[in-house]
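The primary structure of each chain is shown beneath.
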Amino acid sequence: MMPGLLLELEVVGMNSPLVKKVPAEWFFQRHGKPVLDRSRYQLDYRNPNVRTYATGVVDRLVKEYKVGYIKKDYNIEPGIGTDYKADSPGDGLLGHERAYLSLLDAVFEKYPDLVIENCSSGGMRMDYAMLSRYSIQSTSDQMDYRNYSIIAANAPAALTPEQAAVWSYPLSDGDEEETAFNMVNAMLLRIHQSGHLARLSEKRFALVQEGLACYKKIRKNTADGLPFWPLGLAHYSDQWLSLGIHNGSTVIVAVWRKNSTSPYCNLPIECAKGKMARVTCIYPQRLPVACS
């Protein structure tokens, strides 16, 4: 395992001592005043001193603290940009974004094994300017695992499955069905295993172990596979949800039964049409599951 850290490197808190030490040109400005949102000032990465400062922070974390994983958060909305030394706020924003991406390029050139996750309030900045650099994207901070299944099922419509990080967080007071549901949420994407695992019963902890072992066996199909939706994209009112990954002769399908009164659901798998197929429930193997 490697140590990781959550970092919010594009902003400075309004009460930080740094605010009084640096000039106002370090921050986004409009009409001559620094932009303040949610008790934070937005740093302007067009400023070379800002980039030097940010690079120093990353250097210290990697070299001194041996951090190998950074969860890169971003929890403000700075609006239309900065008009400081710009033709318009949009011009300033574009210059800032390009400067920030150049900083990321320099960081990864220096530390090619460093993993940086694009978080941004759970998943609010899911764009491929960032994801052409970052290898992983948080999809949500959703706290209800049943609702998270909808986000997980639809995530590959916005980004590649191997970049789509989904929290699996078995509840301390949950049951075996809830544990398996949580694991399936993440298994066709990029798993973020969480929850108070030490508080789980022996049977539920075994389900987590089984899920992780299964995930490690099938994840090689995710990077090269193509996502598909046997039941169409998921909606909150749906009684059944499904997401599939098709990779050559292998098709892996996740199925969620949410509030259906029927224990059965027909899944049309178009890529297997007209072919001989063998169907196997690979997870969970202990709980009763019917498939044909």
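One can find the structure itself at the top, above this paragraph.
As the structure is a prediction and not an experimental result, all values here were calculated from the model.

**Q** Describe the side chain of Thr82, and please don't skip the residues or the numbers.
**A** In this structure, Thr82 sits in the loop between strand E7 (69-72) and helix H3 (89-110). By relative accessible area, Thr82 is classed as buried at 0%. Of the polar contacts made by the side chain of Thr82, one reaches the backbone nitrogen of Gln29; its length is 3.0 Å.

**Q** Explain the pairing of strand E8 (residues 115-118) to me, using residue names and the numbers behind them.
**A** Looking along a regular strand, one sees the side chains alternate between the two faces of the sheet. The alternating pattern of E8 places Val115 and Glu117 on one face and Ile116 and Asn118 on the opposite face, and all of these are buried. Here E7 pairs with E8 via 4 bridges, running parallel. By the bridge assignment, Lys71 is partnered in E8 with Glu117. One ladder, built from 2 bridges, connects E8 with strand E9 (residues 136-138); its direction is parallel. Looking across to E9, one finds that Glu117 is bridged to Ile136.

**Q** Please set out empty space enclosed by the protein residue by residue, giving values where relevant.
**A** Inspection of every chain in the model, using the stated rule, returns 1 cavity of 30 Å³ or more. Estimates place the volume of the largest cavity at around 80 Å³. What lines the largest cavity is simply Leu7, Leu9, Val58, Ile70, Lys72, Tyr100, Leu103, Leu104, Val107, Ile116 and Tyr134. Where the lining of the largest cavity is concerned, the elements lending two or more residues are E7 and H3. Considering every element that reaches the lining of the largest cavity, the biggest residue donor is H3, with 4 residues.

**Q** Lay out a nonpolar patch on the surface in plain terms, naming residues and giving numbers.
**A** A surface patch of nonpolar side chains, about 170 Å² in accessible area, is lined by Val251, Val253 and Val255. Among the structural elements, Val251 can be located in strand E14 (residues 250-257).

**Q** Give me the lowdown on the sheet that holds strand E11 (residues 190-193), citing residues and values where you can.
**A** With respect to topology, 6 strands assemble into an open sheet ordered E1-E7-E8-E9-E10-E11, the strand pairing being parallel. Two strands in the sheet have a free side with no partner beyond their single neighbour: strand E1 (4-7) and E11. Direction aside, the axes of adjacent strands within the sheet are offset by 30 degrees on average.

Here is what the cut-offs are and how they apply
- Residues numbered from 1 in each chain as written.
- Predicted model: local features only at pLDDT ≥ 70, side-chain atom pairs only at ≥ 80, totals over all residues.
- Heavy atoms only, no water.
- Helix = DSSP H or I, 4+ residues; strand = E, 2+ residues; numbered from the N terminus.
- Buried < 20%, exposed > 50% of the residue type's maximum accessible area, 1.4 Å probe, protein only.
- Polar contact = N/O pair within 3.5 Å; in protein donor to acceptor, adjacent residues only side chain to side chain.
- Pairing = 2+ DSSP bridges.
- 1 Å grid on protein atoms, 1.4 Å probe; cavity = no way out; pocket = protein on both sides within 12 Å on 5 of 7 lines; lining within 4 Å.
- Points joined across faces, edges and corners; volume = space filled by probe spheres on them.
- Patch = residues over 30% accessible without salt bridge, like charges linked within 9 Å, V, L, I, M, F, W, Y side chains within 5 Å.
- Areas by Shrake-Rupley, 256 points an atom, 1.4 Å probe, with all protein chains shown as cover.
- Salt bridge = Lys/Arg side-chain N within 4 Å of Asp/Glu carboxyl O.
- Axes fitted to C-alpha atoms, helices over the stretch in contact; angles between N-to-C directions.

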